[in-house]
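Geometric and topological summary
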Amino acid sequence: MAQPNPQDDFAKLSADLATLRGDVAKLTETLAALARSEGSAAADAITGRIRSGAARAEAAASGLAEEGYAALQEARTRAQALSGDLGATIERNPYGSVLAALGVGFLFGLLSRGK
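Residues numbered from 1 in each chain as written. Predicted model: local features only at pLDDT ≥ 70, side-chain atom pairs only at ≥ 80, totals over all residues. Heavy atoms only, no water.

Per an unreviewed UniProt entry, the recorded name for the protein is DUF883 domain-containing protein, and the organism is Ancylobacter polymorphus.

In structure tokens, the structure reads:
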């Protein structure tokens, strides 16, 4: 049986360790590249979702602004119509309008005095 040579064994062990170091370095590079790739894909997906959400929020805000403007225009139209109707009623019956105004003023006076 051949005697083990410690120098040969040490040389083989050193060569195996060098190979192992190289393999670990390659594995580290591969994992880093994979992490960068996955991180980039995740960042792209998140960015896309954020942009989509922002677009939806902007569209909703725009729709609400348009609805608010339409409601304002409708309120103006109704107020102008009411104002015109009230003016026509006053012109048709001026004495009755003055008496109604006095009655409303008297009621407000009584209500405010009650405190």
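What follows continues from the structure just given.
Counting its regular elements, the protein contains 2 helices and 0 strands. Taking 2.2 N^0.38 as the reference for a compact globule, 115 residues should give roughly 13 Å; the C-alpha atoms of the protein span a radius of gyration of 44 Å, well beyond that estimate. Along the three orthogonal principal directions, the C-alpha set of the protein runs to about 135 × 35 × 15 Å. With the model as given, the accessible surface of the protein reaches about 10,200 Å², and the carbon-plus-sulfur share is 64%. (Helix = DSSP H or I, 4+ residues; strand = E, 2+ residues; numbered from the N terminus. Rg over C-alpha atoms; globule rule 2.2 N^0.38 Å. Areas by Shrake-Rupley, 256 points an atom, 1.4 Å probe, with all protein chains shown as cover.)

A word on the environment of Ala61. Along the polypeptide, Ala61 turns up in helix α1 (residues 6–92). Considering only alpha carbons, one finds Ala61 and Thr19, 42 residues apart in sequence, at a separation of 62 Å.

A side chain of one charge can pair with a side chain of the opposite charge when the charged atoms of the two come close. On inspection of all chains with the given rule, the structure shows 1 salt bridge. In this structure, the salt-bridge partner of Glu74 is Arg78, at a minimum N-O distance of 2.8 Å. Of this pair, Glu74 and Arg78 both sit in helix α1, 4 residues apart, which is roughly one turn of the helix. With relative accessibility at 42%, the residue Glu74 sits in the partly exposed group. (Salt bridge = Lys/Arg side-chain N within 4 Å of Asp/Glu carboxyl O. Buried < 20%, exposed > 50% of the residue type's maximum accessible area, 1.4 Å probe, protein only.)

What follows covers the environment of Tyr69. The residue Tyr69 is located in helix α1 in this model. Tyr69 sits in the exposed class, given a relative accessible area of 53%.

For Phe10, the position within the fold is in helix α1. When its relative accessible area of 57% is taken as the criterion, Phe10 is described as exposed.

Take a nonpolar patch on the surface next. A surface patch of nonpolar side chains, amounting to about 350 Å² of accessible area, comprises Leu13, Leu17, Leu20 and Val24. With respect to the helices, strands and loops of the structure, Leu13 is situated in helix α1. On the basis of relative accessibility, which here comes to 48%, the residue Leu13 falls in the partly exposed class. (Patch = residues over 30% accessible without salt bridge, like charges linked within 9 Å, V, L, I, M, F, W, Y side chains within 5 Å.)

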